[in-house]
Amino acid sequence: QVQLVESGGGLVLPGGSLTLSCIVSGNIGSILAMNWYRQAPRSQRDLVATITKGGTTNYADSVNGRFTISRDDFETTVYLQMNSLKPEDTAVYYCHARTKSREAWGQGTQVTVSS
């Protein structure tokens, strides 16, 4: 159906920037929305950002104004640009795809914000 592989995580200083990438393959035309989630240790997995088939974006209040979700022209890669990073942004970040009948998850990539 749809397969996702995310990358780009790593260690960054507070106030720094990092961009995550999610390579999308399979039945791309069936995708209704792409999402980024994150999960800190011993915490639930929370929605961070969404981009719909029509291009509408939405963000969690905690990242609004600092993070930007985008996609390339052929919708084969989805990005999450993260600016002004804070220690509380530390988490495993997951790419997620929603179709009419299924959902797909990437394997996760660790983002650590620390001095």
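Residues numbered from 1 in each chain as written. Predicted model: local features only at pLDDT ≥ 70, side-chain atom pairs only at ≥ 80, totals over all residues. Heavy atoms only, no water.

## Focus on the overall build of the chain
Then comes step 1: Across its full length, the chain holds zero helices and 11 strands.
Then comes step 2: What you see in the chain, going N to C, is helices and strands ordered as β-β-β-β-β-β-β-β-β-β-β.
Then comes step 3: Over its C-alpha trace the chain gives a radius of gyration of 13 Å, about what one expects of a compact globule, namely 13 Å for 115 residues.
Then comes step 4: Along the first, second and third principal axes, the C-alpha set of the chain runs to 40 × 25 × 20 Å.
Then comes step 5: Taking all 115 residues of the chain together, the buried fraction comes to 37%.
Then comes step 6: Contacts in the chain between residues at least 24 apart in sequence constitute 52% of all its contacts with a sequence separation of at least 6.
Then comes step 7: If the 10 positive side-chain charges of the chain are averaged to one point and the 9 negative ones to another, these points end up 5 Å apart. (Helix = DSSP H or I, 4+ residues; strand = E, 2+ residues; numbered from the N terminus. Rg over C-alpha atoms; globule rule 2.2 N^0.38 Å. Buried < 20%, exposed > 50% of the residue type's maximum accessible area, 1.4 Å probe, protein only. Contact = heavy atoms within 4.5 Å. Lys, Arg positive; Asp, Glu negative; His and termini not counted. Charge placed at Lys NZ, Arg CZ, Asp CG, Glu CD.)

## Brief notes about the state of the cysteines
Then comes step 1: Across all of its chains, the model carries one disulfide by this definition.
Then comes step 2: Across the disulfide, cysteine 22 is cross-linked to cysteine 95 (sulfur-sulfur distance 2.0 Å). Residues cysteine 22 and cysteine 95 are joined through a disulfide that is left-handed, its torsion about the S-S bond being -85°. Highlighted residues: cysteine 22 in strand 3 (residues 18–26) and cysteine 95 in strand 9 (residues 91–99), separated in sequence by 73 residues. Cysteine 95 carries the same exposure label as cysteine 22, and that label is buried. (Disulfide = S-S within 2.5 Å.)

## Observations concerning the packing of aromatic side chains
Then comes step 1: Scanning the entire structure with this criterion turns up two aromatic pairs.
Then comes step 2: Ring plane angle 90° and centroid distance 6.3 Å describe the contact between tyrosine 94 and tryptophan 105, whose orientation is recorded as edge-to-face. One end of the pair, tyrosine 94, is in strand 9; the other, tryptophan 105, is in strand 10 (residues 103–105), with 11 residues separating them in the sequence.
Then comes step 3: Given a relative accessible area of 13%, tyrosine 94 falls into the buried group.
Then comes step 4: One aromatic cluster in this structure is built from Tyr37, Tyr94 and Trp105.
Then comes step 5: Sitting over the ring of tyrosine 94, arginine 45 keeps its end group 3.7 Å from the ring centre.
Then comes step 6: When the ring centre of tryptophan 105 is taken as origin, the NZ or CZ atom of arginine 45, which lies over that ring, is 4.8 Å away. (Phe/Tyr/Trp six-rings, centres within 6.5 Å; stacked < 30°, edge-to-face > 60°. Lys NZ or Arg CZ within 6 Å of the ring centre and 35° of its normal.)

## Points about the pairing of strand 8 (residues 77–82)
Then comes step 1: The pairing of strand 3 with strand 8 spans six bridges and is antiparallel. Counted as the bridge partner of leucine 20 is leucine 80 from strand 8.
Then comes step 2: Hairpin remark: strand 7 (residues 67–71) followed by strand 8, antiparallel, with five residues in the connecting loop; positive phi at glutamate 75, about 60°. (Pairing = 2+ DSSP bridges.)

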